[in-house]
Amino acid sequence: MAVAVFAISVVLLAFEILLLRFFSVQYFSHFAYAVISIAMLGGGASGTLLVLLRERVRGRERQAFAWTAAAFACLLLACPIAAYRLPFEPTALAWSGKAWGALLLVALTLALPFFAGTAAVILAMLARPANTPMLYAANLAGSGSGALLALALLGLPPPWVPRVSPFKALPQVEAYPEARRLGERWSPLGWVIAVGTPAFHYAPGLSLAYEANLPPQVAIFVDGELAGGATQGRGERANAEFLDWLPAAAAYRAAQPHRVLVIGSGPGLEILIALAHGARHVVAVELNPDVIALTRQALDSASDVYRDRRVELVVGDARSFVARTRERFDLVVLAPTEAFGTAAAGLHALAEDYLTTVQALRIYLRHLAPGGVLAMTRWVRTPPRDDVKMILTAGAALRAAGDTAVGEHLVCLRSWAAATVLVRPQGFSPDEISRLRSFASSRLLDVDWMAGRPSGDAPVFNRVERPVAREAALATARGSDSVAALVARYAFDVRPPTDDRPYFAHFIRLGMLRRLVALGAASWLPFAEWGYVAVLATLLQGALVAAILMIVPAAVLAGRGPHGRTPLQVIGTYFGAIGLGYLLIEMAFIQQLQLLLGHPVYAVTAAVAGFLIFSGAGSLCSARLTAGWKPAAAVAALIVVELVLVPVAVREAQPLGLTARVVIGVLALAPLAVAMGVPFPSGVRALTADRPGALAWAWAVNGFASVIAASVATLIAVEWGWRWVLLAGAACYAVAALSARRAGPGGASDVPVQ
Amino acid sequence: MRGAALVMAGFGLVAGVARAPAQGAVDRERQAMVDEQVAGRGVRDTATLRAMRIVPRHDFVPADLRGAAYSDRPLPIGFGQTISQPFIVGYMTELLSLGPRSRVLEIGTGSGYQAAILAEIAGEVYSVEIISQLAGGAEERLRRLGYGRVHVRRGDGFDGWKDAAPFDAIIVTAAAGFVPPPLVEQLKPGGHLVIPVGSVYGAQNLVVVEKAADGSVTTRTLLPVRFVPFVREH
């Protein structure tokens, strides 16, 4: 039976991860998250149903297990096919009542396999209560292996072609005349596609004063969203002219650009800018090798920047590269990472971004040669926020490096579409300042700040209701108290992101939501961040459904004898707390592993597989350990150790290769994960042994708590940072320990296993 | 944004889209739309308000969404495109400062609704649409509803409409974060170019590019709602 439970668990988790990826490609990732969270309720609901059917199943658990497992296999095939055929477009939730019905239908359809699979696992435990540690271990180890299986499968093209939402950029560009797909690749890092059409033009932030033509370009998409444009005709002078009219060209008015580092080089626009301005050596760091491969495939060999002998390509995570290299650069360039329209909708507001934190900027500054410049460009929105946060982050990085004249070392320029900040620890010479001023006025850029001087009488080309970027620069120059005052008063969250709280694109403040709602439903569009809205909605829905489904079995159980010695509330508190705590801790590690490993797919796989497999081992050992309150208390104590251990492990391992980083990351979580495998089976043994049906109740509470946990962890991480997520996890385990202790020696902790 | 409110409220039940109501009721709905959503939120230009009272918006939305034609939101028209929220159409049209003799260029015909509004106000309206099916549909619709003098062309809006240039006003969505240089060139001195900045959920800001008499170019970014971005002003 343990083998069967293992196999079911492998498939369940692999299914979940593959669904999540498939939906992310078809729709936008926050919708995928919401849909799958709802479907996951199916797992918890199975516990509820088994509570209700406890009497009917009694004595026939084995047969019930066999039938449920068979049903699981069938549903696993049938449900995704059915869901794929349902006409569902989540973007339409904004305007169509029908879309809400379709969402419910899709979520319910996808919930069925989770329901059947989890039911089979619980039935196995009901059939062999004495075997709980073994079965629980099989469940955890199977789930962990499922994550690894999913990672392996993600390298293959899916059996069905994703029906990409028409609201994504890919189908829109492919509808242009003469558009053709030049190539596509699948990998765990994303689905990359190159599309050629004469109507595609890519010059993000191009000056309104530019009057000439743009060269032909090829569009590169990742998961159906625009990742950039690969430019043809590198050699020809006429084709290179526009490069001097892009925002990043400002940096070349100050820096001697002999050695340039481009972070996130993608289809190569920033490399072209560097080469056009006389760079002799460009190091281009790009995480996704498929983006490079398709760029090179789409361009003729004369246009292929990655073939240029001045260009050195580094495939991998930029944080790892800068931790490893001893090279110094005259210019470090950070280009916008998402497309203009996607940024405007706040679709990636909750994605971790470790390339723009205060710590990241500090490391870039350390890699500047004497006189070197760090240049960063971000899209602007109204009311201003991205540019404001960028200026405050640059200032914070300088200050953290001991700079006492921050204002002297910053230049801030802005057009209607983009803002650029230049950071130079050695300051700018009068000559460079005058070159930058003339660059700004010829490109119709506003000077928000010029190396220690407020913009003064510089011409205003781009009027906004209130030039908050200017106030932010002034506050930064004045010192951290002024910055703190501005941050506290501003309606948006513009706190500089840190490695603890790496959310550059997140701007919604909880306190602001009320004001936005007061503006009226139809007019808070300019402020919406869909990623955040989806998380809140998922939390509310999850909590609502979970509450309803948990009260039902509690009522049923309470009215039914024989009553065990442990009150239901205690069982509920214990298993709810460890369910919530487990996921909070796992989420905290996913976040920090992303800093170490550089991509969410690696981080999720390593954390999920690591936690579940090691917890499986812990569960196996649990039979030989004391039950009661001690296991949960041990987890809470270990977390305190991890709070110190994890940052050290991340810092020390960062320069190493990916495999070594994965190994060290997993080793760092292993002791905690082993300990976290114990409280569930030992709790089952101690608290539910004398009470029929209580196991299913425990399972249901545990499952529902995990559903809520993902949203709760995200909210805590965004507001306060990952340490608080981890501490919240510790608090959960402390609560579990206390509730088990209250059940106490007079409780069930010494009741022998049936 | 209705969607977000609904999302926040959980599985809010939304009334199904009603069938197309009778003519008189449709007219009343349209007047109410202009009164509440457009004039009520501060659009003052009489020509804009008049045009929005006349143009039958419900004829520009897909048949199955006709019942929602006058509601306060953008609607999908296929190919990932939308017809803008009525207020945004009005606000944008007002910003163009059109007169009866103005020449207007629109990049992205879409359903043709904005072009019809422009045709009610301006002298000559030129509209370019890259997606052939949308261009065909809009052209047929405009002709049928009596806006046959709107010139519709299929093709890449990047190049503008050189033969008809210069223009007093241009509307273009700059989804890639820049305005195609030929469009700025085809704008008359004294003219306005309006960019609705946004996503599939509709316009979030409007950027007005103004070309002065001497040919110099400046921009203004406008927020469609009144909002004080600081919580406690000193």
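Criteria and cut-off values
Residues numbered from 1 in each chain as written. Chains lettered and ligands numbered in written order. Predicted model: local features only at pLDDT ≥ 70, side-chain atom pairs only at ≥ 80, totals over all residues. Heavy atoms only, no water. Helix = DSSP H or I, 4+ residues; strand = E, 2+ residues; numbered from the N terminus. Rg over C-alpha atoms; globule rule 2.2 N^0.38 Å. Buried < 20%, exposed > 50% of the residue type's maximum accessible area, 1.4 Å probe, protein only. Contact = heavy atoms within 4.5 Å. Patch = residues over 30% accessible without salt bridge, like charges linked within 9 Å, V, L, I, M, F, W, Y side chains within 5 Å. Areas by Shrake-Rupley, 256 points an atom, 1.4 Å probe, with all protein chains shown as cover. Salt bridge = Lys/Arg side-chain N within 4 Å of Asp/Glu carboxyl O. Lys, Arg positive; Asp, Glu negative; His and termini not counted. Charge placed at Lys NZ, Arg CZ, Asp CG, Glu CD. Core = buried A, V, L, I, M, F, W, Y, C linked by side-chain atoms within 4.5 Å. Pairing = 2+ DSSP bridges. Right-handed = clockwise from strand over helix to strand, strands pointing away. Axes fitted to C-alpha atoms, helices over the stretch in contact; angles between N-to-C directions. Parallel < 35°, antiparallel > 145°, perpendicular 65-115°, else oblique. Left-handed = near helix turned anticlockwise from the far one by under 90°. pLDDT = per-residue confidence, 0-100.

Here we look at the overall build of chain A
When helices and strands are tallied, chain A shows 26 helices and 14 strands. Over its C-alpha atoms chain A spans a radius of gyration of 28 Å, differing by no more than 12% from the 27 Å that the globule rule assigns to 754 residues. In terms of overall dimensions, chain A has a C-alpha envelope of 85 × 55 × 50 Å along the principal axes. When burial is assessed residue by residue, chain A has 64% of its 754 residues classed as buried.

Overview of the overall build of chain B
Within chain B, the regular secondary structure consists of seven helices and nine strands. Across the 234 residues of chain B, 58% fall into the buried class. A sequence separation of at least 24 residues applies to 51% of the contacts in chain B between residues at least 6 apart.

Here we look at a positive patch on the surface
Residue and element names in this part refer to chain A. Side chains of Arg326, Arg328, Arg362 and Arg366 sit close together on the surface and give a patch of like positive charge. Along the chain, the position of arginine 326 falls in the loop between α11 (318–324) and β8 (329–334). Under the relative-accessibility criterion, arginine 326 is labelled exposed at 78%.

Topic: the environment of glutamate 16 of chain A
Tracing the backbone through its elements, the reader meets glutamate 16 of chain A in helix α1 (residues 2–26). Between the C-alpha atom of glutamate 16 of chain A and that of leucine 110 of chain A, which follows or precedes it by 94 residues, the distance is 9.7 Å.

Focus: the environment of valine 3 of chain A
Residues and elements named next belong to chain A. Within the element layout of this structure, valine 3 appears in helix α1. By relative accessible area, which is 67% here, valine 3 ends up exposed. Residues valine 3 and alanine 138 lie 135 residues apart in sequence; the distance between their C-alpha atoms is 7.1 Å.

Examining a nonpolar patch on the surface
Residues and elements named next belong to chain A. A cluster of nonpolar side chains, Leu49, Leu52, Leu53, Leu544, Ile548 and Val552, forms an exposed patch at the surface whose accessible area comes to about 480 Å². Those elements that provide at least two residues to the nonpolar patch are α2 (29–52) and α19 (530–558). Broken down by element, the residue count for the nonpolar patch peaks at three residues, all from α19. Note that isoleucine 548 resides in helix α19.

A closer look at the nonpolar core
All names here are of chain A. Ranked by internal contacts, the top residues of the largest apolar core, which has 172 residues, are Leu261, Tyr364, Val494, Phe575, Ile585 and Tyr733. With 17 residues, the single largest contributor to this core is helix α20 (residues 568–597). Core analysis: the second largest hydrophobic core is formed by 63 residues, Leu214, Ala248, Tyr252 and Leu413 among them.

A word on the pairing of strand β12 (residues 446–450) of chain A
Residues and elements named next belong to chain A. A large share of β12 lies buried, amounting to five of its five residues. Summarising the sheet, strand β10 (residues 410–414) and β12 pair through four bridges and their orientation is antiparallel. When the sheet's bridge partners are listed, cysteine 412 is paired in β12 with tryptophan 449.

Some points on the pairing of strand β4 (residues 124–129) of chain B
All names here are of chain B. With five of six residues buried, β4 is to be regarded as a mostly interior element. The pairing of strand β3 (residues 103–107) with β4 spans five bridges and is classified as parallel. Directly across from glutamate 106, in β4, lies its bridge partner serine 127. With helix α5 (residues 113–121) bridging β3 and its parallel neighbour β4, the resulting β-α-β unit is right-handed. The sheet contact formed by β4 and strand β5 (residues 151–154) spans four bridges and is parallel. Across the sheet, the residue bridging to serine 127 is valine 152, located in β5. Taking the sense of rotation as the criterion, the β-α-β connection linking β4, helix α6 (residues 132–144) and β5 turns out right-handed.

Some details on the packing of helix α14 (residues 386–400) of chain A against helix α17 (residues 480–489) of chain A
When two helices pack together, their arrangement is given by the angle between the helix axes and the distance between those axes. All names here are of chain A. Packing of α14 against α17 leaves a shortest axis separation of 12 Å and a crossing angle of 150°. Regarding the angle of α14 to α17, the classification is roughly antiparallel. In this structure, the crossing between α14 and α17 has a hand that is left-handed. Residues Val388, Leu392 and Arg399 of α14 form the contact with α17, whose own contacting residues are Ser480, Val483, Leu486 and Val487.

Some thoughts on the side chain of threonine 357 of chain A
Mapped onto the fold, threonine 357 of chain A is located in the loop between α12 (340–345) and α13 (358–366). Classification of threonine 357 of chain A by relative accessible area gives buried; the value is 0%.

A closer look at unusual backbone geometry
The phi angle of most residues is negative, glycine excepted, and most peptide bonds adopt the trans form. Residue and element names in this part refer to chain A. Going from threonine 382 to proline 383, the amide bond is cis rather than trans, its omega being -5°. Within the secondary structure, proline 383 sits in the loop between β9 (368–379) and α14. Look at alanine 451: it is not a glycine, yet its phi comes out positive at around 45°. Following the sequence through the fold, alanine 451 ends up in the loop between β12 and β13 (453–454).

With respect to the sheet that holds strand β4 (residues 225–231) of chain A
Residue and element names in this part refer to chain A. Spatial strand order, β1-β2-β3-β4: four strands in an open sheet with antiparallel pairing. Looking along the sheet, the strands with just one partner apiece sit at the ends: β1 (180–187) and β4. Adjacent strand axes in the sheet meet at a mean angle of 20° when their direction is disregarded. Sheet analysis places strand β3 (residues 217–222) next to β4, joined by six bridges and oriented antiparallel. Within β4, the position partnered with valine 222 by the bridge is glutamate 225. Sitting on the sheet, helix α10 (residues 289–298) touches β1, β2 (190–196), β3 and β4, and the angle it makes with β1 is about 160°.

Considerations on the confidence of the model for chain A
Predicted coordinates in regions of low pLDDT should not be interpreted in detail. The share of residues in chain A with pLDDT of 70 or more is 90%, and the mean pLDDT across the chain is 87. Segment residues 745–754 of chain A: pLDDT under 50, and 18 contacts once partners within four positions in sequence are set aside and those in other chains are kept.

Considering the pattern of salt bridges
Scanning the entire structure with this criterion turns up 30 salt bridges over all chains. A salt bridge links arginine 381 of chain A to aspartate 386 of chain A, with the nearest nitrogen and oxygen atoms 3.1 Å apart. Here arginine 381 of chain A matches aspartate 386 of chain A in class, with each residue buried. Put simply, arginine 154 of chain B and glutamate 139 of chain B hold a salt bridge, and the shortest N to O gap is 3.6 Å. Of the two residues, arginine 154 of chain B is situated in strand β5 and glutamate 139 of chain B in helix α6; the sequence distance between them amounts to 15 residues. Accessibility expressed as a relative area gives 28% for glutamate 139 of chain B, which makes it partly exposed. Linked through salt bridges whose partners overlap, the residues forming this network are Arg414, Asp446, Asp448 and Arg470 of chain A.

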